[in-house]
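One letter stands for each residue in the lines below.
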Amino acid sequence: MTNDRGYLGVTPPISTAESNEREKEVTLTLMEELRRQGTFESDEEARTRELVLGRVSALVKKFVQKVGIARGLSEASATAAGGKIFTFGSYRLGVHGPGSDIDTLLVVPKHVSRDDFFEIFEPMLREFDGATEVAGVPEAYVPIITANISGIPIDFLMARLALSSIPEDLSLQDDNLLRNIDERCVRSLGGSRVANEILRLVPNVQVFRDSLRCIKLWAQQRAIYSNVNGFFGGVAWAMVVARICQLYPNAIAGAIVSRFFIILYQWSWPQPVLLKQIEEGPLQVKVWNPKLYPADRSHRMPIITPTYPAMCATHNVTASTQMITTEEFKRGADIVDKVIVGTAQWSELFQKHDFFHKYRYYLQIIASTGDADLQIKWSGTVESRIRQLVMKLEYVDSLILAHPFIKGFEQVCYCLSEEEIRAVAQGEISETISKRKKEDIEGKEGAGPVHTTTFYVGLAIEPKQPGATGPRRLDISYPTTEFTKLVKMWEKFDETTMGIVVRNIKSSLLPDNVFDPGERQPKSAVKRSKGAKSSNTSPDMPSSKRARTSNDPSPKDAPVKTNDNGTLPPIALTPVVETAGAFAPKESSGIKSPQLPFGENVAVATGAQ
Ligand code: ATP
Ligand code: MG
């Protein structure tokens with residue numbers, strides 16, 4: 001299926017050649033490696049998913065019928081009103097793994113409202129055989145119900161069309177469906193419309209799926225898969241892979257993947273990645289014209305969705321995440337080159353990232369509350385603002401980049417006193433506290449759990465200029481203070497129940513929970529530069545020398561593991577070398593701490609009272 005110019009996409013293919021023997025061989029080994037890495041679900045899980053979807057589809061029809069009857073329709077017309085379920089996300093694209101969710105969209109006729117979705121469908125779901133963990137979030141930007149049915153996580157979005165019935169063969173690709181419908185419905189339709197269009201615009205769906213499966217695994221392993229943190233997300237990865245497939249319509253997966261890395265590394269951003277030319281839309285609205293796109297400087301690596309309304313799927317990319325992603329494209333290109341000539345294995349491509357070995361200094365962003373449900377919302381809010389911190393850090397002189405890690409680390413600590421609670425909220429978790437169990441604090445006055453989610457940003461610092469003498473300081477107090485102000489502007493922020501702390505930490509003081517078992521190198525094995533002092537292997541200075549602010553609430557029996565709290569201005573550090581990594585500067589300078597006023601930042605409550 002091609003456009004009237006005879007090809008898919010906005011420009012002709014680069015090559016229509018069939019793959020050669022070697023490419024066929026490496027495709028076989030690639031598929032073997034993908035299976036070995038466990039990216040495919042079992043046949044049994046696949047059958048369960050189909051069964052669940054079939055049952056849910058019947059439930060949706062029952063829901064529409066029930067609402068119709070309540071609105072006064074006859075049973076026959078209430079049934080004829082239909083109701084249909086569509087899938088999107090990784091399941092729709094055919095690249096889901098074991099344990100992936102199924103993302104679904106309920107399409108309902110005009111007499112079914114969004115309130116019905118939460119007030120009638122959600123309770124029906126709670127009653128549904130095999131359903132657990134049913135939770136509705138009606139106030140979300142894209143309102144959603146999440147659930148688990150027969151062990152399969154499943155998300156439900158809902159779109160109400162301006163139609164009195166939903167035909168069984170309804171296609172969502174017609175832009176006219178978006179007329180006269182609610183914004184939330186337009187947003188809910190977006191995921192399905194984009195997924196369908198991507199599948200329609202690739203020359204060979206199976207090749208696309210195999211290639212995307214490889215790229216998704218690689219991006220996850222390299223920790224560059226996260227829309228919220230400024231990396232490419234699932235949709236962006238799918239679109240770039242689809243674009244490479246358009247450029248080599250007859251190539252097989254091994255060849256697509258090798259070209260993917262070479263082209264992506266050389267891509268002269270910000271040239272947008274387009275799957276489909278978008279001109280004047282049928283809605284008679286002036287939609288975005290790609291010819292004008294390069295003039296839009298706000299997007300660094302623009303990847304534009306192929307459906308109306310055209311959106312940039314990489315809106316969140318910053319200077320730092322662009323550099324990191326580009327560096328990974330280069331690494332990938334080097335490895336696939338070797339795979340093709342037979343001097344490397346595919347497994348090398350999927351090697352785990354080295355984020356926690358890569359930098360000399362990290363920022364820890366610790367979100368805390370005393371309650372599990374509140375923690376999900378608060379940590380989500382903090383996480384969604386971390387890109388703002390990254391962008392502010394990018395303006396700091398002598399910071400090459402600020403590298404956000406793609407996930408937070410969760411912990412629950414059971415504290416006995418206000419002092420312990422404050423310490424935990426600052427990331428000071430002693431062995432005693434970390435070993436304490438829930439039952440150890442039950443019924444004790446002033447005691448309570450503290451839920452923390454800790455996010456990390458790696459700091460790559462410019463090498464010292466030749467000839468420069470004396471200690472240098474890196475002042476990151478402005479970005480970090482601005483960031484805490486920003487997160488506190490959240491409309492539901494409550495100083496008495498939510499804590500936010502930003503502090504810097506040396507790599508040697510990273511807690512064990514960021515490493516896999518056995519991953520942490522013995523301290524003596526940490527690579528050091530010629531002449532570098534041992535500041536990577538031992539605390540820089542005895543704690544008595546560490547400055548403390550007057551209102552530093554660190555308890556006297558401060559924990560051993562993390563008691564270099566890194567939040568206070570240390571004396572300038574001896575130049576050291578980063579342990580590894582593409583951005584590792586040859587030397588690092590002293591860091592001036594974020595200097596957060598503690599009293600203001602450690603507010604946390606046990607919530608439960
Ligand atoms: P997985 O296999 O992990 O489920 P996925 O690609 O299905 O991968 P989901 O997190 O389930 O990822 O998201 C499914 C879809 O929901 C995405 O493809 C996208 O269309 C939409 N989506 C999810 N998160 C966002 C977001 N933050 N902004 C916009 N759309 C999103
Ligand atoms: Mg999904």
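Residues numbered from 1 in each chain as written. Chains lettered and ligands numbered in written order. Predicted model: local features only at pLDDT ≥ 70, side-chain atom pairs only at ≥ 80, totals over all residues. Heavy atoms only, no water.

Some points on the overall build of the protein
Note the cut-off: Secondary structure elements follow DSSP: runs of H or I of four or more residues count as helices, runs of E of two or more count as strands, with numbering from the N terminus. Only protein chains enter the accessibility calculation, which uses a 1.4 Å probe; a residue is then buried when its area is under 20% of its type maximum, exposed when over 50%, and partly exposed in between. Should any heavy atoms of two residues lie within 4.5 Å, those residues are considered in contact. Per-residue accessibility takes into account occlusion by the displayed protein chains alone, with areas from the Shrake-Rupley method and a 1.4 Å probe.
Helix and strand content of the protein: 18 helices and twelve strands. When the 609 residues of the protein are sorted by exposure, 54% land in the buried category. For the protein, long-range pairs separated by at least 24 residues make up 74% of all intrachain contacts whose partners lie at least 6 apart in sequence. For the protein, the exposed surface amounts to about 27100 Å²; the carbon and sulfur share of it is 52%.

Topic: the site of ligand 1
Selection rule: Proximity is defined per residue: any heavy atom of the residue falling within 4 Å of a molecule or strand makes that residue near it. In the analysis that follows, any N or O atom pair within 3.5 Å is treated as a polar contact, provided that within protein one partner can donate a hydrogen and the other can accept it, and provided that, for residues neighboring in sequence, both atoms belong to side chains. Polar here means any residue other than Ala, Val, Leu, Ile, Met, Phe, Trp, Tyr, Cys and Pro, which are nonpolar, and Asp, Glu, Lys and Arg, which are charged; Gly is therefore polar. An automatic or database domain assignment supplies the start and end points of every domain.
Close to ligand 1 lie F88, G89, S90, S100, D101, D103, G191, K216, N227 and V235, which account for all nearby residues. In this structure, S100 approaches ligand 1 through a side-chain N or O atom, which is 2.7 Å from an oxygen atom. The separation between an oxygen atom of ligand 1 and a polar side-chain atom of D103 is 3.0 Å. For ligand 1, whose free accessible area comes to 600 Å², the fraction covered by protein is 49%. Its residues assigned to classes, the shell around ligand 1 comprises two nonpolar, five polar and three charged. Of the domains in this structure, domain 1 (21-36 + 202-352 + 595-606) and domain 2 (43-195) are the two that each give at least three residues to the shell around ligand 1.

Examining helix α8 (residues 234-247)
Heads up, the rule is: Helices are assigned an expected span. That span is 1.5 Å times one less than the residue count.
An ideal rise of 1.5 Å per residue puts 20 Å on 14 residues; α8 measures up with 20 Å between its terminal C-alpha atoms. Summarising burial for α8: twelve of the 14 residues are buried, a large majority. Of all the positions in α8, only A236, W237, A238, M239, V240, V241, A242, R243, I244, C245, Q246 and L247 are classed as buried. Tucked into the core, α8 has its buried residues touching α4 (89-93), α6 (183-201), α7 (205-221), α9 (253-266) and α10 (319-341).

Points about the packing of aromatic side chains
Condition: Aromatic rings from Phe, Tyr and Trp, taking only the six-membered ring of Trp, are treated as a pair when their centres fall within 6.5 Å; an angle between ring planes under 30 degrees marks them as stacked, one over 60 as edge-to-face, and anything in between as tilted. We call a charge positioned above a ring when the Lys NZ or Arg CZ atom is no farther than 6 Å from the ring centre and deviates by at most 35 degrees from the ring normal.
According to the stated counting rule, one finds 30 aromatic pairs in the structure shown. Judged by centre distance (5.8 Å) and plane angle (10°), the rings of F117 and F121 are stacked. Placement of the pair is F117 and F121 together in helix α5 (residues 114-127), with a separation of four residues, close to one helical turn. Between W378 and F493 the ring centres are 5.3 Å apart and the planes differ by 40°, which places this aromatic pair in the tilted class. Taken together, the positions of W378 in helix α13 (residues 372-393) and F493 in the loop between α17 (477-488) and β11 (499-506) put the pair 115 residues apart, joining distant regions of the chain. Across from the ring centre of Y141, 3.7 Å away, lies the NZ or CZ of R187, which sits over that ring. If you follow R360 out to its NZ or CZ, it ends over the ring of Y361, 5.3 Å from the centre.

Examining unusual backbone geometry
The amide bond that connects W269 to the next residue, P270, takes the cis arrangement and shows omega of 10°. Geometrically, the link from Y308 to P309 is a cis peptide bond, its omega value of -5° lying close to zero. The residue P309 is located in the loop between α9 and α10 in this model. A positive phi angle is found at E133, which is not glycine, with a value near 50°. Summarising the element assignment, E133 is placed in strand β3 (residues 131-137). E133 sits in the exposed class, given a relative accessible area of 61%. Despite not being glycine, A223 shows a phi value in the positive range, around 60°. Counting through the fold element by element, A223 comes out in the loop between α7 and α8.

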